[in-house]
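In case you want the letters, here they are:
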Amino acid sequence: MNICSVPFSETVKKFSYRKDIDGIRAIAILMVIINHLNSKWLPGGYLGVDIFFVISGFVITGSLFNYGHGKGLPSLLYDFYAKRLRRITPALLTNIVICSAAVWIIDPQPQISLQTGFLALFGFSNFYLWKISQDYFSPSTKLNAFTHTWSLGVEEQIYLLYPCLLKITGFFNEKTSRLFPLTAICALSIVSAIVLMILPGHTTGGAAYLLPFGRFWEFGIGCIACLLSLHFENRDQKNIKSVICYLSFLCVILSAVLPQYQNVLWSFLAAPATAVLILFLPHTNKARLFLSGNILQFLGKISYSLYLWHWPILSLLNLYMKSNTSYLYNFLLLTFFTSISSYFILEKRLKTFLQNKGNVFSYLLSLPLILFSSLYVFTLHKSHNPHPLAINGFRYLPDSYENFPVKHTNFFYCTVELPKRPLHSNTMEKCTIPPANKNLPTL
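In this text, all values refer to a predicted model and were calculated from it rather than measured experimentally. (Residues numbered from 1 in each chain as written. Predicted model: local features only at pLDDT ≥ 70, side-chain atom pairs only at ≥ 80, totals over all residues. Heavy atoms only, no water.)

**Details of helix H4 (residues 73–106)**
Structural remark: α-helix, 3.6 residues per turn; residues separated by three or four positions point the same way.
Next up, step 1: End to end, H4 covers 46 Å across 34 residues, agreeing with the expected 50 Å (1.5 Å per residue, within 8%).
Next up, step 2: Maximal helix bending in H4 amounts to about 40°, located at Thr89; proline Pro90 follows within four positions. (Helix = DSSP H or I, 4+ residues; strand = E, 2+ residues; numbered from the N terminus. Expected span 1.5 Å × (residues − 1). Bend = angle between axes of the 7 residues up to and from the residue.)

**With respect to the environment of Pro181**
Next up, step 1: Assignment of secondary structure puts Pro181 in helix H8 (residues 179–198).
Next up, step 2: Residue Pro181 is classed as buried on the basis of its relative accessible area, which comes to 0%.
Next up, step 3: A C-alpha to C-alpha distance of 5.8 Å links Pro181 and Phe171, two positions 10 residues apart in sequence.
Next up, step 4: Setting aside residues no more than four positions away along its own chain, Pro181 makes contact with Thr169 and Phe171. (Buried < 20%, exposed > 50% of the residue type's maximum accessible area, 1.4 Å probe, protein only. Contact = heavy atoms within 4.5 Å.)

**Description of the packing of helix H3 (residues 48–67) against helix H7 (residues 150–168)**
Next up, step 1: One can describe the packing of H3 onto H7 by two numbers: an axis separation of 11 Å at closest approach and a directional angle of 30°. In terms of their interaxial angle, H3 and H7 are classed as roughly parallel. In terms of crossing hand, the pair formed by H3 and H7 is right-handed. Judged by residue contacts, Val49, Phe53, Ser56, Gly57, Ile60, Thr61 and Leu64 of H3 engage Trp150, Ser151, Val154, Glu155, Tyr159, Tyr162, Pro163 and Leu166 from H7.
Next up, step 2: Classifying every residue of the contact of H3 with H7 by side-chain character gives 10 nonpolar, four polar and one charged. (Axes fitted to C-alpha atoms, helices over the stretch in contact; angles between N-to-C directions. Parallel < 35°, antiparallel > 145°, perpendicular 65-115°, else oblique. Left-handed = near helix turned anticlockwise from the far one by under 90°. Nonpolar A, V, L, I, M, F, W, Y, C, P; charged D, E, K, R; others polar.)

**Observations regarding the packing of H3 against H4**
Next up, step 1: Where H3 contacts H4, the two axes come as close as 11 Å, and the packing angle between them is 135°. By the criterion of interaxial angle, the relationship of H3 to H4 is oblique. H4 is crossed by H3, and the crossing has right-handed handedness. For the pair H3 and H4, contact is made by Ile60, Leu64 and Tyr67 and by Leu76, Asp79, Phe80, Lys83 and Arg84, respectively.

**Some points on the state of the cysteines**
Next up, step 1: Considering all chains together, one arrives at zero disulfides under this definition.
Next up, step 2: Distance from the sulfur of Cys226, which forms no disulfide, to the nearest cysteine sulfur (Cys223) is 6.5 Å. (Disulfide = S-S within 2.5 Å.)

**Considering helix H14 (residues 294–301)**
Next up, step 1: Burial in H14 covers these residues: Leu296, Gln297, Leu299 and Gly300.
Next up, step 2: Where the residues of H14 are buried, they touch helix H2 (19–37), helix H13 (285–291), helix H15 (303–318) and helix H16 (325–357).

**Quick look at the nonpolar core**
Next up, step 1: Core analysis: the biggest nonpolar cluster contains 117 residues, and Ile24, Leu64, Trp150, Tyr162, Leu166 and Ile185 have the highest contact counts within it.
Next up, step 2: Among the elements that line this core, the one with the most residues is H4, at 12 residues. (Core = buried A, V, L, I, M, F, W, Y, C linked by side-chain atoms within 4.5 Å.)

**With respect to the packing of aromatic side chains**
Next up, step 1: All told, the structure shown has 16 aromatic pairs when counted by the stated rule.
Next up, step 2: Between Phe249 and Phe290, the ring centres sit 6.4 Å apart and the planes meet at 50°, which makes this aromatic pair tilted. Residue Phe249 is located in helix H11 (residues 238–257), and its partner Phe290 is located in helix H13; the two are separated by 41 residues in the primary sequence.
Next up, step 3: Exposure remark for Phe249: the relative accessible area of 16% places this residue in the buried category.
Next up, step 4: Against the face of Tyr67 rests Lys83, its NZ or CZ located 4.9 Å from the ring centre.
Next up, step 5: One residue, Arg84, lies across the ring of Tyr159, its end atom 5.4 Å from the ring centre. (Phe/Tyr/Trp six-rings, centres within 6.5 Å; stacked < 30°, edge-to-face > 60°. Lys NZ or Arg CZ within 6 Å of the ring centre and 35° of its normal.)

**Things to note about the environment of Trp311**
Next up, step 1: Tracing the backbone through its elements, the reader meets Trp311 in helix H15.
Next up, step 2: Through-space distance from the C-alpha of Trp311 to that of Ala145 is 6.5 Å; in sequence the pair is 166 residues apart.
Next up, step 3: Residues in contact with Trp311, not counting those within four places in the same chain, are His36, Thr141, Lys142, Asn144, Ala145, Phe146, Thr147 and His148.

**Quick word on a nonpolar patch on the surface**
Next up, step 1: Taken together, the side chains of Val243, Leu247, Leu250, Ile253, Leu254, Val257 and Leu258 define a hydrophobic patch exposed on the protein surface, amounting to about 550 Å² of accessible area.
Next up, step 2: Of note, Leu254 is situated in helix H11.
Next up, step 3: Leu254 sits in the partly exposed class, given a relative accessible area of 32%. (Patch = residues over 30% accessible without salt bridge, like charges linked within 9 Å, V, L, I, M, F, W, Y side chains within 5 Å. Areas by Shrake-Rupley, 256 points an atom, 1.4 Å probe, with all protein chains shown as cover. Salt bridge = Lys/Arg side-chain N within 4 Å of Asp/Glu carboxyl O.)

**Re the confidence of the model for the protein chain**
Next up, step 1: For the protein chain, the mean per-residue pLDDT works out to 82, and 78% of the residues sit at or above 70.
Next up, step 2: Across residues 5–13, where pLDDT falls below 50, the model places 14 contacts with residues more than four positions away in sequence or in other chains. (pLDDT = per-residue confidence, 0-100.)

**Here we look at the pattern of salt bridges**
Next up, step 1: Applying the stated criterion across every chain, the model contains seven salt bridges.
Next up, step 2: We note a salt bridge from Lys301 to Asp22, for which the minimum N-O separation is 3.9 Å. With Lys301 in helix H14 and Asp22 in helix H2, this pair connects stretches of sequence that are 279 residues apart.
Next up, step 3: The class of Asp22 is buried, set by a relative accessible area of 5%.
Next up, step 4: A salt bridge links Arg87 to Glu347, with the nearest nitrogen and oxygen atoms 2.8 Å apart. Here Glu347 lies in helix H16 and Arg87 lies in helix H4, a separation of 260 residues in the sequence.

Structural data, given as structure tokens:
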């Protein structure tokens, strides 16, 4: 079948909901959560975010293709952004409002977290984290409750221009060859991949990790997989396609489990393997059925809420508890309770309610709520909590200081890390800590 001459009716059928993609989402979110709990358990688990980017490129392209035909650019953007608001905003606003209050109550120095959360409401937390030189792979990153919102910022920034790109390249024109948009996406993806290799911060989560310029190629290959899937409608050479599918699945798993030095360039293995897996899964019964299983299906459906809630909970627990069995139990209990509640109440019911009310109502409700939430977080940022809970409850060193050879462990103000935990003159005396061994210097 020629990719340039697929009837629109077949396209609509082709880009309907796929259970196996939710299964891939489940694997991606499990990779991320396990890696964030302990990077030694799953060294490449952070690549789960790259998998999400590829899935987003595939799903968003298919969704736009389904309803974008015959629409002008203003109408297309109006519908697209309304859909994005309904999908992203309810759970995100609830998460930031609740977690900001928790951060203010618990964290003695909540400013960085609250500034990150404030900008996450507008989709720019990734630029803020880049500006303050936040090392994404550092254990001390766990002290920022909203570090994880960088990926949402990348997606939202790409969403601003992505429909325009597809419209300009003739993606929605049934009379235009689809070879041109495919070529344009390929070219831009190659440029983005080159930018990723040039940008600094491959191992520290700097510009290469946090900014959309070096991340577009992952959305791009998801888009390319979406277009190519039109060409793979036939069932010829099923055995070869099955082999390719299993090999790509193996590459995804290997990228997560192989011992590695954390580096964003590993995405050049995980992301293409994910795109190939998505492309060939419909032709492989066993792998498709495995990824369509009930447990993976459910985890895939709540993956967005899991991603939103797991990190703030992890961050706040790091301020209050030592990593042990009780810590893990509390983390799992709180994460799944909040995520499941968020999914059923916000992602399903509220989203459906907004969808039934139409686009105008979605805009009229979402935009004021974003402004109100930002004012709320800003107020917390400017307020001072004289009795943060972590001061009384803090009994353990943060992960980044666990190996310090000191006798005393209750020295929260002694954490020196610019610009997040600056050392002030009035805390100097508190931060003079005698060594556990007389041969070691005083901290």
